[in-house]
Amino acid sequence: MTFAYKNFFDGLKGKRPRMGAPRYKSRKDTRQAVRFTANARWSITTGGKLRLSKIGDLKVEWSRSLPSAPSTVTVVKDAAGRYFASFVMETGPEEVLPEVTPEVGIDLGLGHFAVLSDGTKVDSPRFLRRAEKHLKKAQRALSRKEKGSKNRDKARIRVARAHDRVADARREFHHQLSTKLIRENQAIAVEDLAVKGLARTRLAKSVHDAGWSAFVSMLEYKAARYGRTFVRIGRFEPTSQVCSQCGVQDGPKPLHVRVWTCGACGPVLDRDINAAVNVAEAAGLAVSACGAQVRPGLVPAPRGEAGTHSTPQPSTAR
């Protein structure tokens, strides 16, 4: 800890690159990690194994082939006793995707995980809710084991693996959806959500189960990686209060109101699709507001602009 504070204050004085203040290790985070740089003389054998100094050759289940020669590898052991290898490497401009025409705004929610400005709705998988019964059973079995016993350690690993299965399924869903959106749209706009504030309400479990922050982070780094435009609008934009057809602000509405009628121009609007269109318009994207109309009102509304393998596999966009 002494060296960590010395490096921190040296960074403030300009003697070395700046870094964050030291933090104590969390007792709840049981992950272990070791990093091997080029000086550690590690390598990848011709047979696809990872050769580490003082450890030997390790069999690796490659998720994809490496696009370039790695400079660093970090081996991580998680709470469930699984080992992962993370490589650091440089990539070139060959990953930029060809330009496409569509631009989309996204409204994230709990009823539907994501609603797009073109009218598409993506259901929320609710991975944690679906696995809740199994998780409770494993947690009760753990609480009955004597502290310090081998049976308790086995029960703890079973609980960790159950949680990891939920986290892995959620992460895979985020990767597949974010990659699909990045491939099909040239520009993407999302709203900057106050996740920490929502996590302090009665909806906390559902908010954490959705994992909005992780999904938005994936969209952001994939947009930069593949040459797409990513826009994050302010959280105080009244996207649910403004009619996407005429632009009149109709005031706040309770959460149970999913469909509302614009008093100015007449159409009946789907709350989520209307918000997604407004997100896109606030970001300056050229999208059509036609998806926001559920059924025509009394006055016609004008259309305005608004898995793993044992051998290396070809690289895929993630």
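Thresholds applied
- Residues numbered from 1 in each chain as written.
- Predicted model: local features only at pLDDT ≥ 70, side-chain atom pairs only at ≥ 80, totals over all residues.
- Heavy atoms only, no water.
- Helix = DSSP H or I, 4+ residues; strand = E, 2+ residues; numbered from the N terminus.
- Areas by Shrake-Rupley, 256 points an atom, 1.4 Å probe, with all protein chains shown as cover.
- Pairing = 2+ DSSP bridges.
- Axes fitted to C-alpha atoms, helices over the stretch in contact; angles between N-to-C directions.
- 1 Å grid on protein atoms, 1.4 Å probe; cavity = no way out; pocket = protein on both sides within 12 Å on 5 of 7 lines; lining within 4 Å.
- Points joined across faces, edges and corners; volume = space filled by probe spheres on them.
- Nonpolar A, V, L, I, M, F, W, Y, C, P; charged D, E, K, R; others polar.
- Parallel < 35°, antiparallel > 145°, perpendicular 65-115°, else oblique.
- Left-handed = near helix turned anticlockwise from the far one by under 90°.
- Contact = heavy atoms within 4.5 Å.
- Core = buried A, V, L, I, M, F, W, Y, C linked by side-chain atoms within 4.5 Å.
- Buried < 20%, exposed > 50% of the residue type's maximum accessible area, 1.4 Å probe, protein only.
- pLDDT = per-residue confidence, 0-100.
- Phe/Tyr/Trp six-rings, centres within 6.5 Å; stacked < 30°, edge-to-face > 60°.
- Expected span 1.5 Å × (residues − 1).

Our next topic: the overall build of the chain. Of regular secondary structure, the chain possesses 8 helices and 14 strands. When the accessible area of the chain is evaluated, it comes to approximately 20000 Å², of which 53% is carbon and sulfur surface.

On the basis of which strands lie adjacent, the open sheet formed by 3 strands has the order S1-S5-S6 and antiparallel pairing. In this open sheet, the two strands that pair with only one neighbour each are strand S1 (32-36) and strand S6 (83-88). Across the sheet, the mean angle from the axis of one strand to that of its neighbour is 20 degrees, orientation sign disregarded. Two strands pair when backbone bridges link them, and S1 and strand S5 (residues 72-77) are joined in this way by 5 bridges, in the antiparallel orientation.

Here we come to the layout of surface pockets. Put simply, the second largest pocket is a space of about 870 Å³. Within the residue set of the lining of the second largest pocket, elements represented by two or more residues are strand S7 (103-108), strand S8 (112-116), strand S10 (187-191) and helix H8 (271-282). Across the lining of the second largest pocket, the residue classes tally to 14 nonpolar, 6 polar and 9 charged.

For the rest of this paragraph, the subject is the environment of lysine 28. Take lysine 28: it is sitting in the loop between helix H1 (2-12) and S1. Along the sequence, lysine 28 and alanine 79 sit 51 residues apart, while their C-alpha atoms lie 9.6 Å from each other.

In this section: the packing of helix H3 (residues 132-143) against helix H4 (residues 150-184). Direction vectors running N to C along H3 and H4 enclose 160 degrees, while the axes themselves pass 8 Å from each other. As the angle between them shows, H3 and H4 are arranged roughly antiparallel. Between H3 and H4 lies a crossing of left-handed hand. Contacts between H3 and H4 involve His134, Leu135, Ala138, Gln139, Leu142 and Ser143 from the first element and Arg152, Ala155, Arg156, Val159, Ala162, His163, Arg165 and Val166 from the second. Its residues assigned to classes, the contact of H3 with H4 comprises 7 nonpolar, 4 polar and 3 charged.

This part takes up the nonpolar core. Nonpolar side chains in soluble globular proteins tend to be buried together. Counting residues in hydrophobic clusters, the biggest one holds 29 residues, and the most contacted among them are Ile106, Leu108, Phe113, Leu181, Ile188 and Leu219. Mapped by element, the contributors of at least two residues to this core are S7, S8, helix H2 (127-130), H4, S10, helix H6 (204-210) and helix H7 (212-226). Among residues more than four places away in sequence, those in contact with leucine 219 are Ile106, Ser178, Leu181, Ile182, Ile188, Val190 and Phe230.

The next thing to look at is empty space enclosed by the protein. Space inside the largest cavity adds up to approximately 40 Å³. In this structure, the largest cavity is lined by Phe113, Ser124, Pro125, Arg126, Phe127, Arg170, Phe173, His174, Asp209 and Ala210. Elements supplying a minimum of two residues to the lining of the largest cavity: H4 and H6. Per element, the largest residue contribution to the lining of the largest cavity is 3 residues, and it comes from H4. Of the residues in the lining of the largest cavity, the class split is 5 nonpolar, 2 polar and 3 charged.

Attention shifts here to the confidence of the model for the chain. Residues at a pLDDT of 70 or more form 89% of the chain, whose mean pLDDT is 82. H3 holds the highest mean pLDDT among the elements of the chain, 94, whereas strand S14 (residues 293-295) holds the lowest, 37. In this model residues 288-318 is a low-confidence stretch, pLDDT under 50, and it forms 75 contacts with partners more than four residues away in sequence or in other chains.

To continue, consider the sheet that holds strand S3 (residues 50-52). Reading across from one edge, S2-S3-S4 is the order of the 3 strands in this open sheet, with antiparallel pairing throughout. Edge strands, defined here as strands with exactly one partner in the open sheet, are strand S2 (43-44) and strand S4 (56-58). Of the strand pairs in this sheet, S3 and S4 are connected by 3 bridges, and their pairing is antiparallel. Residue pairing in the sheet places arginine 51 in a bridge with aspartate 57 of S4.

Now for the pairing of S6. Put simply, side chains in a regular strand alternate between the two faces of the sheet. Where S5 meets S6, 6 bridges bridge the pair, whose relative direction is antiparallel. Among the inter-strand pairings, threonine 72 is bridged to a residue of S6, identified as valine 88.

Counting across every chain of the model gives 7 aromatic pairs. Seen in terms of ring centroids, tryptophan 62 and phenylalanine 87 are 5.6 Å apart; in terms of plane orientation they differ by 20 degrees. Their pairing is stacked. Here tryptophan 62, found in the loop between S4 and S5, pairs with phenylalanine 87, found in strand S6; they are 25 residues apart in sequence, far enough to count as distant. Like tryptophan 62, the residue phenylalanine 87 is buried in the burial classification. Measuring from ring centre to ring centre gives 5.1 Å for phenylalanine 113 and phenylalanine 215, while their planes differ by 75 degrees; the resulting arrangement is edge-to-face. With phenylalanine 113 in strand S8 and phenylalanine 215 in helix H7, the pair connects residues that are 102 residues apart, well separated along the chain. On the basis of relative accessible area, phenylalanine 113 is assigned to the buried category, the value being 1%.

All right, on to H3 then. Here H3 spans 16 Å end to end across 12 residues, near enough to the 16 Å set by a 1.5 Å rise per residue. Among the residues of H3, those classed as buried are Glu132, Leu135, Ala138, Ala141 and Leu142. Looking at the buried positions of H3, the neighbouring elements they touch are H2, H4 and H6.

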